Structure formats: structure tokens, C-alpha cells
Amino acid sequence: MAREPLARDLCISVCICILLIAHQSTCFYLPGVAPEDFWKGDPLRVKVNKLTSTKTQLPYSYYSLPYCRPKQIVDSAENLGEVLRGDRIENSPYVFKMREPQLCNVVCRLVLDEKTSRVFKEKIDDEYRVNMILDNLPLVVPIRRLDQESSLVYLHGFLVGLKGQYSGMKEEKYFIHNHLAFVVKYHKDPELELSRIVGFEVQPFSVKHGYEGKWNENTRLTTCDPHARKLVTSSESPQEVEDKKEIIFTYDVEFEASDVKWAYRWDTYLLMADDQIHWFSIVNSMMIVLFLSGMVAMIMLRTLYRDISKYNQLETQEEAQEETGWKLVHGDVFRPPSNSDLLCTYVGTGVQFFGMILVTMIFAALGFLSPSNRGGLMTVMLLLWVFMGLFAGYTSARLYKMFKGTEWKKISLGTAFTFPATAFAVFFVLNALIWGQRSSGAVPFQTMFALLLLWFGISFPLVFVGGFLGFKKPAIEDPVKTNKIARQIPEQAWYMNPVCAILIGGILPFGAVFIELFFILTSIWLHQFYYIFGFLFIVFVILIITCAEITIVLCYFQLCSEDYTWWWRSYLTSGSSALYLFLYAVFYFFTKLEITKPISGVLYFGYMLLLSYAFFVLTGTIGFCACFWFTRLIYSSVKID
């Protein structure tokens, strides 16, 4: 019977998936990336997004605060990823006219009461930022760096307000940013009067506006006046937030011509501070890991070549019996492990993760997942996860049949449920906590139903289809026969203890990604853009190599010490890197974040626990597949009498 190794089938499956999706991508349209041209005087409608805070990690709708409202609030169309991110994009009363500057436009007047003043103070305390969008560009606040006068740092959104003290007073007061000085940067067509928006900036001010007489729609302010060309400056008296206080919201709009072309307008947002350190760290990490991987590969190839040559030169049965090492356990090395069903389930789920991440990174590295397509990355990952269920079912069923299993439906059910059910249960609990805080980050019931529909309506059947196809295939044959009676495992040295070996094995894979992990966590929890997918793809490849090599090395040492229980050990060796990932997440929480609310802390550790669990399944599967290929290779290369 022809042998069909599992690793080859996995490779073929992933390649077919990539080709299919790449073929479909030729006619795939990414919303939000088509340029829009504006004539002079065309209306520019500013949209508002969620209020965000790095201190609470709980987003809120813009109109959860008593800001000025348009006559009718209209929600913009949102994709699944936007809803899961907590985005709530709505229209606003801020309307500009292209290339027509405006001074001191009054938006509305608001008289605070006890409730509204308390809400504003809470958001100022938690350092919430207001996010706006114009022509699909997020609003930024330019701040000059102290160490480099010519360099600017762009912060996303402006603060709701600030806390401060009047001169000579100890009592701390709350001040709201009620005047916004917008700057819209545009790139003009040299031949036509058409322009494209390439930048959207703001400078917020807190101004206690004054006026004469009683307030009406035609009242002229004394603090800023478009007729007298009087602008708001930082020297004005700030607007205090207190009960019965009157707040007048105003804005200016200035238009600046820019040499930046529309295709490069996102560079401002993506080229953040400390970019040189970022690049250097990634390159340095890659060089170290590649050097270590090269050394490991060289040692392994030389050692194995010598062993195989020596074993094949043995002439007599007596000589073979005198030998020690990995050849002696050939009759037990392919003995099915305990809890083999669970191992099949986890390997299948790991293949599902691997396919999802690989295809997502290829698309992102090629530029298909533009940051202007908000929520696109999360939507694509969810859909790919669902469709990769086919390969998960196929892999788990093939491995299950190799272990002499007969109930492929049971293993398919386990593959379809084990990880998704755990993740959904944690997600549901965390979502209930967010819902209790009345945050816009809470996933609505309709979206929750859509997620269940994706799981049970698409992923679940595909896992069973894959399981059926995988079980129909001939069973993978072992290169050597398994003895009926299990061989006794000799006493192992302390450093070959399973716990010790497993913990050591996770260090190198984690070392390959921990620098990049810092920037990924920063983008998630400090609300920064992350768009260096080319480097991330290289780091992912290095992660695969290191997971495979460290597992093979430790598996080789394990077999040389006549311990043949490598199945679960190979999975846990590289999978233990998830433990270091979670420990790093704990370190990051206490050193980089300023989260003080218990609910926010529970959300952070809940989501990081899910991320670590997913990382365990992914890296464990990579290590297992590498070890599976390695053991089949070496035992099929020697003569077994």
C-alpha cells in the first residue's frame, strides 16, 4: 500500500487553499480604498467614531456624551470586524466645504446639569479620546517631539478634556475641549480644479466663550469672531465643567495644499515614533534566530548522518543488541499515545489556525488588507477560520485513522467543538461584562447570532466534510512494525524530565516573536496602527522554523535516551511558548498599561488568555508535524532486522 505522509497532505491542502483564494482576489473590491475627488465648495461631512481610552479599554459611542447632535443620527454601514472592534461610526454636525476656510463656526450651546457634568468628568478622568473620520481618514493631533524639533508624532483623536488648576489655587478643576481647529490637507490635480484629501488634523482648545446680551442663533462671540478675524488661542480662559455651566462648541477649518499624493496619505499614520528602533529590533531578532536555527540544523544533520551510517553498517545481530540509542525503540516509537483522540482534535485545530494565519498574512503583506478598510483584517480572519474547518476535519480524521480509530464522526465533532466552544464561552462572559458597562464594545445580539451561524452553519459542516474525506483515504502506514508488548522506559536524567524539557523547548519559539509581540500588543491595547505585515510574515516563517527545529532536537535526545513517548511531548514542547507569551502579557500589563478598573483588567487577561491558548494550539501543531515527519524519516532510513 502506498504511503501518504500526513505532512505532505497538509502542505498540498494549504497550497490549494492559497491558490483558490488568490484566484478570487483578482475581482475582490476593498471598500474605502477608492479615491474620491472634490470640487471647490463640495461638502465634506465629518463622521464620528467611538470614544476610546487606554486606561479602561472600554469604547463608548460618541453620543453617549451630550455632544452637539445633528437633526438625525445615521449609522454608517459596518462590517463584522468593525462591530467586534466596538466601532460605532455616525454622522455629525461638523460639515465643511472643500477649500473654503471657516472661522469660529458655532455648533451648539449646552448648559450642563449635574448628570451631564458628572459624565464629562468621568470621561476626562479616564482620559477618553474623541475619534472622527473625514474621507475615511482618522483624525490625528500633531505633537512635536521634544528630542527632535523637526519631527512630529501623531496621536489618534483628541482628549475629551483635561484636569488642571487655576494659578494660585490647589483645587483641581475639569476643563473640556470645546473649540476644535481643524486642518484639512489636500492634494490638487495640476490640470483640473479637483482635489483629494490627504490629511485630517486638529488642535483642540478649551475656551470659555463670551458674548453680549441674550443667546440666540445670530449671537456673535467676543472670544472669537470671523468678521473681526479673531482666532482662538491657548491664552484664552478655559471652559470649566461644572453644574449649571454654559458650554459653547465651536470650530475652525483651515485647508492646506500638500505634495503628498493620495496613494501615500496613510504613511503619516503608519510611520509612528521610534520606527528606527522597531526595524532594528526586528532585524536583530531575525539574525539571532536564523543563526541559532542554522547551528541546530547543521548539528542535527551531521549527527543523524553518522548514526544512520553506523546502524546500517552493523553486520550481526549481536552487534545490534549491544547498541544503544534511538534505533532500539523502533518497535514502540509509533505506538498510539494515550488520549490520542484529543491529540487528533488539537492537531486538526492547529492546521485550521495555520491556514488562517498564513493566508491572512499573505494578503496583508501584498497590501490587500488596507488600514483604510476598518475591521477588514478581523473579518477576513474570521471567514478564513470558518472555511479552514475543511482542512481541520481532514487532518484530524487522517491522524485518527492512523491510530486505528473507527468513529470518524466523533473525532470530527471534537474538532468542530473543542477550541471554538472554549473561545466562545470566554468571549460570551467577557461580552457580558462589557455589556454591563454599557460600552459600545459589547457585541450586539444580532452579531452574536451571526457568529453562531458562521460556526454551526459553515464551519461545523465543513469540518465533517473534511473528516469524511480524510477517513476515506488509506491509513498512513508506519515505516516500522510496532511490538505487541511495550518496552520499559529506562530511568531518565533530570534534564530529560518531561516538564523540564517542555519548558526549555518553548523558550526559542517565544524568543523569535517577543519583540514583534510588543508592537502587536501596543497596537491592540494602546490603539496604534500596525501595518508592518511584511516583517510579521518573515517572523512567522522564523517561528515555524524554530518550533520545528527545537522540537526535532529535543525529540531526538528523547529517543536517544530510549523514551519513545514523543507524541504529546512534541506537541507540548513548542506549544509551551504560549506560557511565556502569557507571562509576557502579564509583564506588559504592569509595565506599559495604566489600567486601574477591575473590569478592564479582567478583559485584558481574558483576551490574552484566549490569544495564548490559540498560540499554544498553533505552535504545538507545528512542532508535532515536524516531529512526525522527522521520526518517519529516520526510522525509514535504517535497516530493521
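Named according to an unreviewed UniProt entry, the chain is Transmembrane 9 superfamily member originating from Flemingia macrophylla. In its Sequence similarities (unreviewed entry) section, UniProt records this for the chain: "Belongs to the nonaspanin (TM9SF) (TC 9.A.2) family."

Draft legend 1. Summary view of the overall build of the chain. Helices and strands together make up the secondary structure of the chain, namely 17 helices and 13 strands. A buried classification covers 51% of the 641 residues belonging to the chain. Put simply, of all contacts in the chain between residues at least 6 apart along the chain, 80% involve residues at least 24 apart. Carbon and sulfur atoms form 61% of the exposed surface of the chain, whose accessible area is close to 31600 Å².

Draft legend 2. Inspection of helix α8 (residues 376-387) at higher detail. With twelve residues, α8 should cover 16 Å at 1.5 Å per step; its first-to-last C-alpha distance of 17 Å lies within 8% of that length. Every buried residue of α8 is accounted for by Gly376, Thr379, Leu384, Trp385 and Val386.

Draft legend 3. Fine view of the packing of aromatic side chains. Under the counting rule described, the total for this entry stands at 52 aromatic pairs. Between Phe460 and Phe464 the ring centres are 5.1 Å apart and the planes differ by 40°, which places this aromatic pair in the tilted class. Within this pair, Phe460 and its partner Phe464 are both found in helix α11 (residues 445-472), separated by four residues, close to a single helical turn. Clustering of aromatic rings is evident, with ring pairs tying together Tyr346, Phe353, Trp385, Phe419, Trp568, Tyr571, Tyr613 and Phe616. When the ring centre of Tyr60 is taken as reference, the NZ or CZ atom of Lys123 above it lies at 4.4 Å. Over the aromatic face of Tyr128 sits the side chain of Lys123, whose NZ or CZ is 5.4 Å from the ring centroid.

Draft legend 4. Here's a closer look at the confidence of the model for the chain. Model confidence for the chain is summarised by a mean pLDDT of 83, while 85% of its residues fall at 70 or above. This stretch, residues 1-32, has a pLDDT under 50; its non-local contacts, to residues over four places away or in other chains, come to 50 contacts.

Draft legend 5. How the structure looks around the pattern of salt bridges. Counted according to the given criterion, the structure contains 14 salt bridges. Between Glu171 and Lys173 there is a salt bridge, with the nearest N and O atoms lying 3.4 Å from each other. Lys173 is the salt-bridge partner of Glu240, the closest N and O atoms lying 3.5 Å from each other. Residue Glu240 is found in the loop between β12 (195-205) and β13 (246-257), and its partner Lys173 is found in strand β10 (residues 173-176); the two are separated by 67 residues along the sequence. Exposure remark for Lys173: the relative accessible area of 12% places this residue in the buried category.

Draft legend 6. Structural view of the state of the cysteines. The tally for this structure, following the rule as stated, stands at two disulfides. Through a disulfide, Cys68 is tied to Cys108; the S-S separation comes to 1.8 Å. Negative torsions about the S-S bond denote left-handed disulfides, and the value of about -75° found for Cys68 with Cys108 makes this one left-handed. With Cys68 in the loop between β1 (43-52) and α2 (80-85) and Cys108 in strand β3 (residues 102-111), this pair connects stretches of sequence that are 40 residues apart. Judged by its relative accessible area of 4%, Cys68 falls in the buried class. Accessibility expressed as a relative area gives 22% for Cys108, which makes it partly exposed. What pairs with Cys104 in a disulfide is Cys224, and their sulfur atoms sit 1.7 Å apart. Classification of the bridge connecting Cys104 and Cys224 rests on its S-S torsion, roughly 45°, and on that basis the disulfide is right-handed. One end of the pair, Cys104, is in strand β3; the other, Cys224, is in the loop between β12 and β13, and 120 residues separate them in sequence. We note that Cys104, like Cys224, is buried. Ordering the disulfide-forming cysteines of the chain by sequence position, one finds them joined as 1-3, 2-4.

Draft legend 7. Structural context of the packing of helix α10 (residues 408-436) against α11. Between α10 and α11, whose axes approach to 8 Å, the crossing angle comes to 160°. Between α10 and α11, the angle falls in the class roughly antiparallel. Crossing of α10 against α11: the hand is right-handed. For the contact of α10 with α11, the class distribution of residues is 19 nonpolar, four polar and one charged.

Criteria and thresholds
Residues numbered from 1 in each chain as written. Predicted model: local features only at pLDDT ≥ 70, side-chain atom pairs only at ≥ 80, totals over all residues. Heavy atoms only, no water. UniProt positions renumbered as here; feature names shortened; annotations may be inferred. Helix = DSSP H or I, 4+ residues; strand = E, 2+ residues; numbered from the N terminus. Buried < 20%, exposed > 50% of the residue type's maximum accessible area, 1.4 Å probe, protein only. Contact = heavy atoms within 4.5 Å. Areas by Shrake-Rupley, 256 points an atom, 1.4 Å probe, with all protein chains shown as cover. Expected span 1.5 Å × (residues − 1). Phe/Tyr/Trp six-rings, centres within 6.5 Å; stacked < 30°, edge-to-face > 60°. Lys NZ or Arg CZ within 6 Å of the ring centre and 35° of its normal. pLDDT = per-residue confidence, 0-100. Salt bridge = Lys/Arg side-chain N within 4 Å of Asp/Glu carboxyl O. Disulfide = S-S within 2.5 Å. Axes fitted to C-alpha atoms, helices over the stretch in contact; angles between N-to-C directions. Parallel < 35°, antiparallel > 145°, perpendicular 65-115°, else oblique. Left-handed = near helix turned anticlockwise from the far one by under 90°. Nonpolar A, V, L, I, M, F, W, Y, C, P; charged D, E, K, R; others polar.

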